[in-house]
Amino acid sequence: TIQSAPPGAPVDGQRWIVGAAATGAWAGQENKVALWSSGWLFFTPVAGWQAFVVSSNAIRLWSGAAWLDTAFLLTSTYTGMRSRDGADRLRFGQLG
């Protein structure tokens, strides 16, 4: 999940991407990955890091400057990629 305020009752091992204008314990940690492990740990992303954001069902990619929504989903119908709107952008062949 991407959010700007820490959750009230985090569980060990949960992670978030810290959003813009972060508050509370996350103030000053924008765009970092926050991990709860009996306290907050913050990780500065490296270009190429990927994260699956459960709340938006999307893969985000750290470009080195921002978390980008890749907007591509793999489907079980094709061996290529499809965009979120379902249109073929790159199709290698149909399975089955």
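Quick caveat, the model's predicted, so the values are computed rather than measured.

Parameters and conventions
- Residues numbered from 1 in each chain as written.
- Predicted model: local features only at pLDDT ≥ 70, side-chain atom pairs only at ≥ 80, totals over all residues.
- Heavy atoms only, no water.
- Helix = DSSP H or I, 4+ residues; strand = E, 2+ residues; numbered from the N terminus.
- Buried < 20%, exposed > 50% of the residue type's maximum accessible area, 1.4 Å probe, protein only.
- Lys, Arg positive; Asp, Glu negative; His and termini not counted.
- Salt bridge = Lys/Arg side-chain N within 4 Å of Asp/Glu carboxyl O.
- Contact = heavy atoms within 4.5 Å.
- Phe/Tyr/Trp six-rings, centres within 6.5 Å; stacked < 30°, edge-to-face > 60°.
- Pairing = 2+ DSSP bridges.
- Axes fitted to C-alpha atoms, helices over the stretch in contact; angles between N-to-C directions.

**Considerations on unusual backbone geometry**
Then comes step 1: In the Ramachandran plot, Ser 38 falls in the positive-phi region, its phi being about 60° despite a non-glycine side chain.
Then comes step 2: Within the element layout of this structure, Ser 38 appears in the loop between β3 (33-36) and β4 (40-43).
Then comes step 3: A relative accessible area of 62% means that Ser 38 is categorised as exposed.
Then comes step 4: A positive phi is found at Asn 57, a non-glycine position, where the angle reads about 50°.
Then comes step 5: One can find Asn 57 in the loop between β5 (50-53) and β6 (58-62).
Then comes step 6: Residue classification places Asn 57 among the partly exposed positions, given a relative accessible area of 46%.

**As for the side chain of Arg 60**
Then comes step 1: With respect to the helices and strands, Arg 60 occurs in strand β6.
Then comes step 2: Buried within the structure, Arg 60 lacks any salt-bridge partner; Asp 69 is the closest side chain of opposite charge, at an N-O distance of 4.5 Å.
Then comes step 3: If sequence neighbours within four positions are ignored, Arg 60 has contacts with Ile 2, Trp 49, Gln 50, Ala 51, Val 53, Trp 67, Leu 68 and Asp 69.

**Overview of the packing of aromatic side chains**
Then comes step 1: Under the defined criterion, the tally for this structure stands at five aromatic pairs.
Then comes step 2: A ring pair is formed by Trp 16 and Trp 40, whose centres lie 5.5 Å apart and whose planes are at 70°; its orientation type is edge-to-face. Of this pair, Trp 16 sits in strand β2 (residues 15-18) while Trp 40 sits in strand β4, placing them 24 residues apart in sequence.
Then comes step 3: Ring centres of Trp 26 and Trp 40 lie 5.2 Å apart, and the angle between their planes is 85°; this geometry places the pair in the edge-to-face category. Placement of Trp 26 in the loop between β2 and β3 and of Trp 40 in strand β4 is noted, with a sequence separation of 14 residues between them.
Then comes step 4: In this structure Trp 26 comes out as buried when scored by relative accessible area, which is 0%.
Then comes step 5: The rings of Trp 16, Trp 26, Trp 36 and Trp 40 are connected pair by pair, giving a single aromatic cluster.

**Side note on the environment of Ser 56**
Then comes step 1: Tracing the sequence through the fold places Ser 56 in the loop between β5 and β6.
Then comes step 2: Note: C-alpha distance between Ser 56 and Ile 2 (54 residues apart in sequence) is 9.2 Å.

**Focus on the sheet that holds β5**
Then comes step 1: Across the sheet, three strands lie side by side as β5-β6-β7; this open sheet has antiparallel pairing. The two strands at the open ends of the sheet, each matched to only one other strand, are β5 and β7 (67-69). Across this sheet, the average inter-strand angle for adjacent strands is 35°, counted without regard to direction.
Then comes step 2: Where β5 meets β6, four bridges bridge the pair, whose relative direction is antiparallel. The residue bridging Val 53 from the neighbouring strand is Ala 58, located in β6.

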